[in-house]
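Geometric and topological summary
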Amino acid sequence: MAQPLTFVLSVPETPEDHGPEPSPYDESEVHDSFYQLIQEQSQWVAEEGLELQQREPGPPETPGSGHQTLLGPEDPLVHSTATLRILASMPSRTIEKRFLLVKELQGLPVAQRDHVLRGMPLGLAEKRSLREESRTLTRKRRGRRGRRGLLPCCGRLRDACVLALHSLGLGLLSGLHALMPWRYALKRIGGQFGSSVLSYFLFLKTLLAFNALLLLPLLAFLVGVQAAFPPPASPGAVPAFTGLELLTGAGRFTHTVMYYGYYSNTTLNQPCVPPLDGGQCSREADGLPYNMPLAYLFTVGVAFFITCITLVYSMSHSFGESYRVGSTAGVHAVTVFCSWDHKVTQKRASRVQHDNIRTHLKELLAEWQLRQVPRSLCGRLRQVAVLGLVWLLCLGTALGCTVAVYAFSELMIKSPVSTEQEGALLALPTVVCVLNLGAPYLYRCLAALERHDSPVLEVYVAICRNLILKMVILGILCYHWLGRRVGVLKEQCWENFVGQELYRLMVLDFIFVLLDTLFGELVWRLISEKKLKREKPEFDIAGNVLELIYGQTLTWLGVLFSPLLPAIQIIKLLCLFYIKKTSLMANCQAPRRPWLASHMSTVFVSLLCFPSFLGAAVFLCYAVWQVRPSSTCGPFRTLDTMYEAGKVWVRRLEQAGPSVSWVPWIHRYLVENTFPVYLVSALLLAVIYLNIQVVKGQRRVMYLLKEQISNEGEDKIFLINKLHSVYERKERRAGRTQEAEQLAGDLDTW
């Protein structure tokens, strides 16, 4: 193997080398100047010629010899001044010319200067030094201009104002980062338990944002308006608050803005009509008209439409991010060498970052090892048989739970509950919550028989089984409310009853989640550690995620009958975050088999969109278009359907005059006609399809770029090998020439 050779690259200096260095004023000109230097050096190489001269080991060169010696890690490498000039002209070696670098930085704007420094492969101390030197030169130049023109005090005042504004901007930016909810808590969870457990808390945070977005228009255009202009008091006595309303949602809560029946069917703030005697309008009658039935229908519809758009955008964005992050080829080296953030200085933050990197490496290695373990044919057949048996048992369990809910709901219809027995209203929600809590434990016991190789597949299967159970139960409840209760409660406000049922389901679901956290995690952890001498249990990702989706589905189902249900869901999610976080830290351990949850967010948002939101939208559309409203309460009490409120409003606009004739035209051709609905649906599907194709194209481009980077490395190796082969041939030629000269000398001597 050839030894590393030491050579110099002799290039004669030209008078232009002693001229002023270029000092461009923006980043593009900086790169252009470097490119110009490389071109000039290449021209000198082509015109003057390059000669590779081997350096014999000897004493170091004197300062006037025109050569410098650079010490390497193994052998001393000696390069000529021209070689150093060529190396220094390369974009990756510009930091060696410190004065030129500082000179170029001080000519850039402050924002661009910080951007260039941030992208340099230097330590923080070196970057701070360069920034201070560039600022010092700038201040000196400004000071000289100030002495020649402006007063020095004005220059100092201006600099102080600029620095103060810059510091204020940085402080506001850091404050915005600090205002992000649960920022440090999420980092700690991700570092200690991995991305799989972190995905649950990120999904909870996403649901919190969705409910806040849903609640804002309801508060602004519905709840707030009705609270400001309350309807006339009901003829009967309003029941007193007993505390049981917090569980049942009935009693005193029925006569508040919480439920559908409280809202009026009149136009608020009627326009002023002067009296016949010529008097002035009363103060209460002065103002703009506000049609409460129309506002109720449009507000709920617009809130659902905004939620739909946000869900589709989140799903497409999550889909793209998951496929960008999902590729793990070559990510091990990047994680090891490029993951540490050198701006972290606090001990606690550095410990969290250390845990994050360690856990991420565990997940990457576990995923890589999983790909290396094949399964035999007999093992696959055995696993398929076990999977089929377990799936049959799980589907049978779901069917049994569905039959139990249906039978109990029919029993509740046959045995109506009187007003004095409010506690009996909790019977059906209690049965539903018990089944939703007990069936997942049975599924977990059956899943232990399957022994999936991939923990990701195990979680997906558990999510699918729990989703089937909860969606089927909710389907039976929807039929119970709109198919059975509407006919039974003809003379009563059935909308209030549906809203109260959904409120009771949400409250009891939260209580059962607390009980599950107490007994299923805390008590089981104590039993495992004290009695069974085992480790702490793992966090059940599938069950907890399905609880979130189930609770959000209840919120969407009940927003038409109880506009304040999103507010209750927000309170529930806030409490769940801190309860689950505390229980996770105290009672659970990290997954025994780490796995990378790169597609988890996409799966969660997709399940939230299609089974949950789509099912709730179908339920509400059926209630608006097909079911007759109650005749004793609510804003639609005099109409055949809730949708008819829009038709009544359009007919009034037709009678108002030709100035608003475009509104009935839009209603006739865009709302009542089914073609625009199909067109919008087709466009939405086309956008989703195009987004998927764009993501696939981006993945292809990323693959090509990675391949190009690999080829660039191979090109460098190829050029180095060629250079060594050229030098070895020249060395052999020189050796043969020296032998020939020595032989000729010997012949002459002889």
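Being a predicted model, the structure only gives us computed values, none of them experimental.

Cut-off values and rules
Residues numbered from 1 in each chain as written. Predicted model: local features only at pLDDT ≥ 70, side-chain atom pairs only at ≥ 80, totals over all residues. Heavy atoms only, no water. Helix = DSSP H or I, 4+ residues; strand = E, 2+ residues; numbered from the N terminus. Buried < 20%, exposed > 50% of the residue type's maximum accessible area, 1.4 Å probe, protein only. Contact = heavy atoms within 4.5 Å. Areas by Shrake-Rupley, 256 points an atom, 1.4 Å probe, with all protein chains shown as cover. Salt bridge = Lys/Arg side-chain N within 4 Å of Asp/Glu carboxyl O. Phe/Tyr/Trp six-rings, centres within 6.5 Å; stacked < 30°, edge-to-face > 60°. Core = buried A, V, L, I, M, F, W, Y, C linked by side-chain atoms within 4.5 Å. Patch = residues over 30% accessible without salt bridge, like charges linked within 9 Å, V, L, I, M, F, W, Y side chains within 5 Å. Lys, Arg positive; Asp, Glu negative; His and termini not counted. Charge placed at Lys NZ, Arg CZ, Asp CG, Glu CD. pLDDT = per-residue confidence, 0-100.

Turning next to the overall build of the protein. What the protein contains, in helices and strands, is 21 helices and six strands. With 750 residues in all, the protein has 37% of them scored as buried. Across the protein, the fraction of contacts at a sequence separation of at least 24, relative to all contacts at a separation of at least 6, is 77%. Just so you have it, the protein exposes about 43800 Å², and 64% of that area is on carbon and sulfur atoms.

Before going further, it helps to spend a moment on the pattern of salt bridges. A complete count under the given rule lists 10 salt bridges for this structure. The partner of Arg444 in a salt bridge is Asp540, and the shortest N-O contact between them spans 3.6 Å. You can see Arg444 sitting in helix α13 (residues 427-447) and its partner Asp540 sitting in the loop between α15 (494-530) and α16 (541-558), a full 96 residues away along the chain. For Asp540, a relative accessible area of 23% corresponds to the partly exposed category. As a salt-bridge pair, Lys572 and Asp509 come within 2.8 Å of each other at their nearest N and O atoms. Here Asp509 lies in helix α15 and Lys572 lies in helix α17 (residues 565-587), a separation of 63 residues in the sequence.

Summed over all chains, the structure comprises 20 aromatic pairs. Look at Tyr263 and Tyr296: their rings are 5.4 Å apart centre to centre, the planes differ by 70°, and that puts the pair in the edge-to-face class. Taken together, the positions of Tyr263 in the loop between α8 (245-248) and β5 (267-268) and Tyr296 in helix α9 (residues 292-325) put the pair 33 residues apart, joining distant regions of the chain. Taken together, Trp182, Tyr200, Phe201, Phe539, Phe577 and Tyr578 form an aromatic cluster joined through their ring pairs.

Below, the discussion takes up the nonpolar core. In this structure, Leu477 and Leu560 are the most contacted members of the largest nonpolar core, which totals 113 residues. Here this core gets 19 residues from one element, more than from any other, and that element is helix α7 (residues 183-228). Setting aside chain neighbours within four positions, we find Leu477 in contact with Val405, Leu428, Val432 and Leu505. In terms of nonpolar packing, the next biggest core, distinct from the first, is built from eight residues, Leu105, Leu108, Val116 and Leu130 among them.

A word on a positive patch on the surface. A cluster of like positive charges, contributed by Lys722, Arg729, Lys730, Arg732, Arg733 and Arg736, occupies part of the molecular surface. Considering the arrangement of structural elements, one finds Arg733 in helix α21 (residues 675-749). On the accessibility criterion, Arg733 (47% relative accessible area) is partly exposed.

Looking now at the environment of Phe304. Take Phe304: it is sitting in helix α9. Distance in space between the C-alpha atoms of Phe304 and Trp556 is 8.5 Å, their sequence separation being 252 residues. Contact partners of Phe304, with chain neighbours within four places excluded, come to Trp556, Val559, Phe613, Ala617 and Leu620.

Take the environment of Leu105 next. By secondary structure assignment, the location of Leu105 is in helix α3 (residues 98-106). With 26 residues separating them along the chain, Leu105 and Arg131 place their C-alpha atoms 8.2 Å apart. For Leu105, the residues in contact, after removing those within four places along its chain, are Arg113, Val116, Leu117, Leu130 and Ser134.

Right, let's talk about the confidence of the model for the protein for a bit. A residue-level look at the protein finds 77% of positions with pLDDT of 70 or above and a mean pLDDT of 77. Low pLDDT, under 50, characterises residues 281-287; the stretch is placed with 10 contacts to residues that sit more than four places away or in other chains.

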